[in-house]
Structures are given as structure tokens and as C-alpha cells.
Amino acid sequence: MNFSVLKSATYSTAVVPKPASQSDLFLHSNNHPSRHARAFLPSFNEMPQKSMAKKTAYEKIREELKLDAKPKMNLASFVTTSMEEECNILMMESFNKNYVNMDEYPATTQLHNRCVNMIARLFNAEIGENENAIGTGTVGSSEAIMLAGLAFKKKWQNKLKAQGKPYHKPNIVTGANVQVCWEKFAMYFDVELRKVDVGEGYYVMDPAKAIEMVDENTICVAAILGSTYNGEFEDVKLLNDLLLQQNKKNGWDTPIHVDAASGGFVAPFLYPELEWDFRLPLVKSINVSGHKYGLVYAGIGWVIWRSQEDLPQELIFNINYLGADQPTFTLNFSKGSSQIIAQYYQLVHLGREGYQRVMEKCKENAMVVKQGLEKTGCFNILSKDNGVPLVAFSLKDTSHGDEFKISEMLRRLHGWVVPAYPMPSGAEHVNVLRAVVRAEFSREMAEKLVLDIENVLQELGKLGPKYTPKVTKIKKDIAKRKIIVRESNKHHKVLAA
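Residues numbered from 1 in each chain as written. Predicted model: local features only at pLDDT ≥ 70, side-chain atom pairs only at ≥ 80, totals over all residues. Heavy atoms only, no water.

Novice: Hey, could you go over the overall build of the protein for me, with residue numbers and the actual values?
Specialist: Each helix and strand in the protein was counted, giving 14 helices and 13 strands. Every one of the 497 residues in the protein was classed for burial, and the buried ones make up 49%. Within the protein, contacts between residues separated by at least 24 positions form 71% of all contacts whose residues are at least 6 apart in sequence. (Helix = DSSP H or I, 4+ residues; strand = E, 2+ residues; numbered from the N terminus. Buried < 20%, exposed > 50% of the residue type's maximum accessible area, 1.4 Å probe, protein only. Contact = heavy atoms within 4.5 Å.)

Novice: Break down the side chain of Asn 177 for me, citing the residues and quoting the values.
Specialist: Along the chain, Asn 177 falls in the loop between β2 (171-175) and α7 (180-188). At a separation of 3.4 Å, a polar atom in the side chain of Asn 177 contacts the side chain of Ser 227. When near neighbours in sequence (up to four residues on either side) are disregarded, Asn 177 contacts Val 198, Tyr 203, Val 204, Met 205, Ile 224, Ser 227, Tyr 229, Glu 234 and Pro 424. (Polar contact = N/O pair within 3.5 Å; in protein donor to acceptor, adjacent residues only side chain to side chain.)

Novice: Could you give me a rundown of helix α13 (residues 443-459), with the residues and numbers involved?
Specialist: Between the first and last C-alpha of α13 there are 25 Å, a value that for 17 residues agrees with the 24 Å anticipated at 1.5 Å per step. Count one or two residues on from α13 and you reach Gly 461, which has phi positive near 75°. (Expected span 1.5 Å × (residues − 1).)

Novice: Which residues make up α7, and what are the values?
Specialist: Within α7, the full set of buried residues consists of Cys 181, Trp 182, Phe 185 and Ala 186. Down the axis of α7, the buried side of the element spans an arc of 145°, and every buried residue falls inside it. Those residues of α7 that are exposed and angled more than 90 degrees off the buried face are Met 187 and Tyr 188. In this fold, the buried residues of α7 make contact with α6 (141-163), β2, β3 (192-196), β4 (218-224) and β5 (256-259). (Arc of directions from axis to C-beta.)

Novice: Any chance you could break down the pattern of salt bridges for me, citing the residues and the numbers?
Specialist: Overall, the coordinates contain 19 salt bridges when judged by the stated rule. We note a salt bridge from Asp 253 to Lys 159, for which the minimum N-O separation is 2.9 Å. Of this pair, Asp 253 sits in the loop between α9 (236-250) and β5 while Lys 159 sits in helix α6, and the two are 94 residues apart along the sequence. Notably, a salt bridge pairs Glu 216 with Lys 165, separated by 3.6 Å at the nearest N-O pair. Highlighted residues: Glu 216 in the loop between α8 (207-213) and β4 and Lys 165 in the loop between α6 and β2, separated in sequence by 51 residues. Taken together, the shared-partner salt bridges connect Lys 55, Glu 59 and Arg 62 into one network. (Salt bridge = Lys/Arg side-chain N within 4 Å of Asp/Glu carboxyl O.)

Novice: An account of the pairing of strand β11 (residues 390-395) is requested, with residue identities and associated values reported.
Specialist: For β11, the buried fraction is high: six of the six residues fall into the buried class. Every second residue of β11 is oriented toward a common face, with Leu 390, Ala 392 and Ser 394 on one face and Val 391, Phe 393 and Leu 395 on the other, all of them buried. Pairing between β11 and strand β13 (residues 431-436): four bridges, direction antiparallel. The residue of β13 that forms the bridge with Phe 393 is Leu 433. (Pairing = 2+ DSSP bridges.)

Novice: Provide a residue-level description of the environment of Ala 420, including the pertinent values.
Specialist: Looking at the secondary structure, you find Ala 420 in strand β12 (residues 420-422). Along the backbone, Ala 420 and Asn 431 are 11 residues apart, and their C-alpha atoms lie at a distance of 6.8 Å. Apart from residues lying up to four places away in sequence, Ala 420 is in contact with Glu 403, Phe 404, Ser 407, Val 432 and Leu 433.

Novice: Describe unusual backbone geometry, and please don't skip the residues or the numbers.
Specialist: Among all residues save glycine, negative phi is the norm, and among peptide bonds the norm is trans. Within the chain, Asn 124 stands out as a residue other than glycine whose phi angle is a positive 60°. The residue Asn 124 is located in the loop between α5 (106-122) and β1 (134-138) in this model. Residue classification places Asn 124 among the partly exposed positions, given a relative accessible area of 34%. Within the chain, Asp 190 stands out as a residue other than glycine whose phi angle is a positive 55°. Within the secondary structure, Asp 190 sits in the loop between α7 and β3.

Shape descriptors only; they carry no functional weight alone.
Dropping the structure here:
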């Protein structure tokens, strides 16, 4: 949690490991396995009886991990896969800090609180210049959503208890396009999940249809800022306006939660005029994934509340067995500090200017992919230009292979992980491919992806004659370059002789 007053105490000077160089942190790869890696090592289902040399264990595991996809080519994931050397070093130096020990690591706690304040202000929270926002770091948006949902449920229960009404059948209204964590929350905490079906051509929640599902037992309506399926932003402003009318008509106070896991670090920089956050009166809490477009490695999320009254105090526990009285509101207990420190690094290093530059680059590269796919004439584009930087697309003709075949061939032939899946309830018959464009996805990678998709289409016989010369020319150019390299090598060998 973010607290305005920390108990003063005398802290001993921490012993910080000597900063390591990049080569120390990440050992260089080698295409040839060492004698340690070649050593026989069975697939363990039980802990081995005897120890093995640390070099042997390292090399063997390292060789086995080479079977994984290359993280930068994993376009299925929204999660950051590359950070700067300085941030990598900061993370290495803080791997041994357990964030829950706030009294022992007060500087880390301060960095956490600053992150909460910065993100809250990014979301236009109504807090004074010297006030602290209400929020906490989590291990991702799934935990953040669980905490926000619990706050809504407890506040709703308290209200109905005070009115002498039954409080055992809470529900949440959301679109069928929600991420699975919402289904987990509903199942784990006994809340009915009412889903608004999507439709072909409209793959997010329709606010008007959502309002029809709301009743006095609705603890919140959840809007998605950046659908997992196609990156589209739901119309939170329209939802807020319609729900205000519904609340006034029925004497309710049904609130809104915004799941901004993917879009929370995108919208403020690309679409600052878009009203989706605390500028809307019914938005009471927002979650965002720091490890997506917050530009941090996997393992950090944030949840921010509009005000203290939106977070029931009975959900906050106080403990005293770590050295001092301290509050805690998390589903887990222990948590590493490195991701929190990395988030703070990105916020202060990049600033608003830097984040805007990164998001603009992501959008530009997404447009390169989109336009390249459109030129093939083979795809329908299902994503929106104004949304999370990604391209969702489906085949116009599946007679020579479907989206799942293209996904399989892209991975097998070119190493790209581009997932194929059906759209959610209401449009299940529509299959889609999705390429997420992250900060580490360059213009060159965008052009290479389009070229590899064209090659797959040609293999499947989907490209017409107008594309054959283009692909053939590229292949001829590559072959020509190989000949030049061979001749150059021969020439150098002659000179060396």
C-alpha cells in the first residue's frame, strides 16, 4: 500500500553487491555444447540422490532451454522481453530483497510508493500535489484484479448489510472478451460473472447491452482498455454515461472498474484526450500491467483506487512480526523487489516524453505490419488503429489452409510465435491471428514478419501472380549476396596465402 507516513527508524547501511558488467550478468551463447552439457542427464521426476557439478547443471539446463522460442519473436505475449543494461544491473542487485520486509528496506518501499503516485496521476486521480495516492504493486494484473474485485465485493456487502438486505449473490458485468483472470476471480470468490456476448465486426463489450445486465447485486461493471483478442479499447465514457442514468433511475451506485492491463500505459501517451480513467466519476479503480507496456520484465502489476473510501479498511491487515507494525493488502505475502525497482527506473528514466516516444514507435511498427498484410489481399484486419499496438487478422479464404496452419508454419519455418484462436462467445466462428508489437519489436522485425507471412502464403498457394515476382526477387537477392560473400571469402584466402 502507499502510505503518507512511514515510521522513522535508524537503518544500518546495506551491503550492495559490486555492480556487474553486462557480460557478467548474461553469459554469451555458444552454438556448440560444452563437455558438461554433453554429459548424460536424465529427465528428473524425482530429486537426484547425488549432487552434480554446478557447471554441469548450468550447461545442461542451458542447453535444454534452447528449445524455447526466442522471446523477441514471441508475438503472442504482451510482456516485455528486453530492458537496458543499467536496469538489468539494478534488478540483479535487488534479487535478494523481499519487498514484504518494508521496515528493513525503507528505500525500496519509498520507490514503490512513488510508482503508485506517478501512475495514479497518469490516470488523472484527484489527489493534491503533496497527497499520496491509494494503490499497491502486485505480481501482475491478475492479482490486481483480484484485489479490486474484493474491494468492490466487500463494499457492496457492507452496504446491503446496513440496509438489511441479502448480500449473498453478487455479480459482475463484463464482456465475453475478458481475460481469464476475471473468470478466476468469479470462481474463487463466489461471484456471478455476467458476460455480454460480442458479435462479428464488434469484438468488445457493448455498453448498452452491459447496462441491461446490471441490477442491485452488481458490484461493478468491468471495462477493458485493450482487449486481449484484438487490442481494442472499450468505450468507457459511454458506459459511464449510461450507468449514471441507470443509477439515477434506480437509486443505485453501481461503479466501474477499468482493466487497463494492456492499455494503461498506452492511452495516456497516444490518446491523452480519451476519457477512460478517473476523469469519469464512476471509475473507482484501475489495474495496469507494469510488465506489458509499462516496459518491465514479467512480474509486476499495479492497482489504483480513486479514493480511500473505495478500499474497505477491513481488507487491510497489519502485521508486526517482521520488525515493525506494517499494513499489507495482497493475495500473496513474499514478493521480490527487483520488478518494483525496475518500474521506478523506467518511469524516471523515460519520463512522459520517453514513454510517448516508445508508444509512437510501437504504433508505427504495428502500421507497417498491418499495411503489409493488407497488400497481400489475403486478410481481414480485426484490430483497430487506435488501441493497443498489435495487429489481429483473419484469412478471407481458408480453402488452402486456415489461421492455425499459418501459425504453425510461421513457427516451424521462421521461428515466429503468432497465435491463432477463435474469437469469444458470440463470434466463435471467427478465427484470428494476432501479432503483438512491443517496444523491442523493431521496424526491421516488422518487415521481416510480413515477408515471412508472404512466404507462408506462397507455400500455401494463396498469393496471386502479382506477388510472385516480389518474393522471387527477394530470394534472388539473398542468393546473390551469398555468392558475393563466397567470392569475397575466396579472395581473402588467396591474399592470405
